Amino acid sequence: MHGHFDKATPFDPWPKDSGQHRLTRRGGALYSFRSPSAQEFAPENHWLLVLLSPIQRLRLALGDDEPRTTNVTAGMVSVVPASVACRASWGAELENVVVAIEPCRLKELAAEEFGRSDIELSPTYPVLDKVAFKLATLLKDELQAPAGSNELFLESLVTLMGLHALRTYSNLNGPKRRVRASLSASATGRVKAYLQENFRRKVTIPELAALCGLSSGHFSEAFARTFGLPPHRYVLELRLEHAERLLRETDTPIPEVAFLSGFSSQSHLTHMMRAHRGKTPNKVRAG
């Protein structure tokens with residue numbers, strides 16, 4: 001049968017040959033490194049996919065949603081519950097850790113820790129998650145250990161990831177669980193249109209929150225959950241995309257490109273482009 005641990009295929013249909021993987025009593029962990037590709041799947045197990053490196057324009061659709069295109073950073077996690085359809089495509093090398101947990105195992109863990117087994121994981125688009133990122137980094141290091149991985153340590157990490165998923169991405173009211181809400185469709189449209197018009201200048205969180213009738217704190221969390229990036233990073237991406245377009249399609253001098261894109265100087269543009277695109281403005285212009 002497809003996707004059960006006794007058959008050693010918890011990652012189906014994700015290719016196991018994409019990296020090191022190991023199974024434990026609690027679940028499985030896979031360190032994956034894949035070339036640009038696209039895939040559709042509906043895993044039989046609960047999956048937590050933690051990105052270990054940034055990707056420009058990751059395209060993802062969960063369930064019946066329309067695909068969303070997001071520039072993602074290292075430390076973002078996406079949750080794909082068992083049997084939820086997922087369509088994904090990526091145009092750069094994808095490095096991540098996949099943790100797979102059978103539904104029955106997660107129910108057991110919920111019953112042991114919270115006294116409840118009526119759990120539902122929420123499908124989650126990429127969102128920054130420092131706890132999951134730290135656990136995923138430890139899993140990667142352990143899976144790649146030259147002397148071989150320690151099964152007890154791996155099982156502990158997978159268990160911690162399962163507990164974190166229950167506390168953060170499920171209907172259980174576990175300790176430190178945070179209520180995570182997205183922006184409504186209308187608010188998303190208003191914010192997106194406003195930023196497209198105003199990304200060249202300094203835009204404040206209270207200013208954006210007022211568009212949605214939310215507090216600054218609530219808005220920031222809802223924005224990150226909706227767009228996959230905190231507001232300041234989303235604005236930076238808009239500025240970089242605009243600068244890249246001017247560099248490729250016009251002969252506008254680089255200092256003017258920086259000004260027209262919302263950067264304080266040519267050196268500021270160069271620093272940000274090198275940090276987030278891996279190249280300088282001159283290299284972008286040269287193609």
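Let me begin by describing the structure that accompanies this report. Being a predicted model, the structure only gives us computed values, none of them experimental.

## Focus on a positive patch on the surface
On the surface, a cluster of positive charge is contributed by R248, R274, K279 and K283. One can find R248 in helix 7 (residues 231-249).

## Brief notes about the packing of aromatic side chains
What the rule picks out here adds up to 8 aromatic pairs. Plain terms: the ring middles of W14 and W47 are 6.1 Å apart, the flat faces sit at 90 degrees to each other, and that makes the pair edge-to-face. Placement of W14 in the segment before strand 1 (21-23) and of W47 in strand 4 (residues 46-51) is noted, with a sequence separation of 33 residues between them. As far as the burial class goes, W14 and W47 line up, both buried.

## Let's talk about the sheet that holds strand 5 (residues 55-62)
Reading across the sheet, the 4 strands line up as 3-8-5-6 and stay open at both edges, with antiparallel pairing between neighbours. Of all strands in the sheet, those with a lone pairing partner are strand 3 (37-41) and strand 6 (68-72), marking the two edges. Put simply, the sheet's adjacent strands are angled 20 degrees from each other on average, direction ignored. Of the strand pairs in this sheet, strand 5 and strand 6 are connected by 4 bridges, and their pairing is antiparallel. The partner of I55 across the bridge, within strand 6, is V72.

Cut-off values and rules
- In this numbering scheme, every chain counts its residues from 1 along its sequence in written order.
- Totals for whole chains, interfaces and linings use all residues, but because this is a predicted model, local features are given only for residues with pLDDT of at least 70 and pairs of side-chain atoms are given and counted only at 80 or more.
- Excluded from the side-chain calculations are hydrogens and water; all other atoms, namely the structure's heavy atoms, are used.
- Here a patch means residues that are over 30% exposed by relative accessible area and free of salt bridges, tied together within 9 Å if like-charged and within 5 Å if nonpolar (Val, Leu, Ile, Met, Phe, Trp, Tyr).
- Each accessible area is a Shrake-Rupley estimate made with a 1.4 Å probe; only the visible protein chains count as cover when residues are assessed.
- Any Lys or Arg side-chain nitrogen found within 4 Å of a carboxyl oxygen on Asp or Glu counts as a salt bridge.
- Asp and Glu are treated as the negative residues and Lys and Arg as the positive ones, with His and the ends of the chain left uncounted.
- The location of each charge is read from NZ of Lys, CZ of Arg, CG of Asp or CD of Glu.
- Runs of H or I in DSSP of at least four residues are treated as helices and runs of E of at least two as strands, each being numbered from the N terminus.
- We call Phe, Tyr and Trp rings a pair once their centres come within 6.5 Å, taking the six-membered ring for Trp, and we label the pair stacked below 30 degrees between planes, edge-to-face above 60, and tilted otherwise.
- Exposure is judged per residue with a 1.4 Å probe applied to protein chains only, and the accessible area is read against the type maximum: over 50% gives exposed, under 20% gives buried, and values in between give partly exposed.
- In this analysis, strands are considered paired if DSSP registers two or more bridges between them.
- Helix axes are fitted only over the stretch in contact, all axes being lines through C-alpha atoms; the angle between N-to-C directions runs from 0 to 180 degrees.

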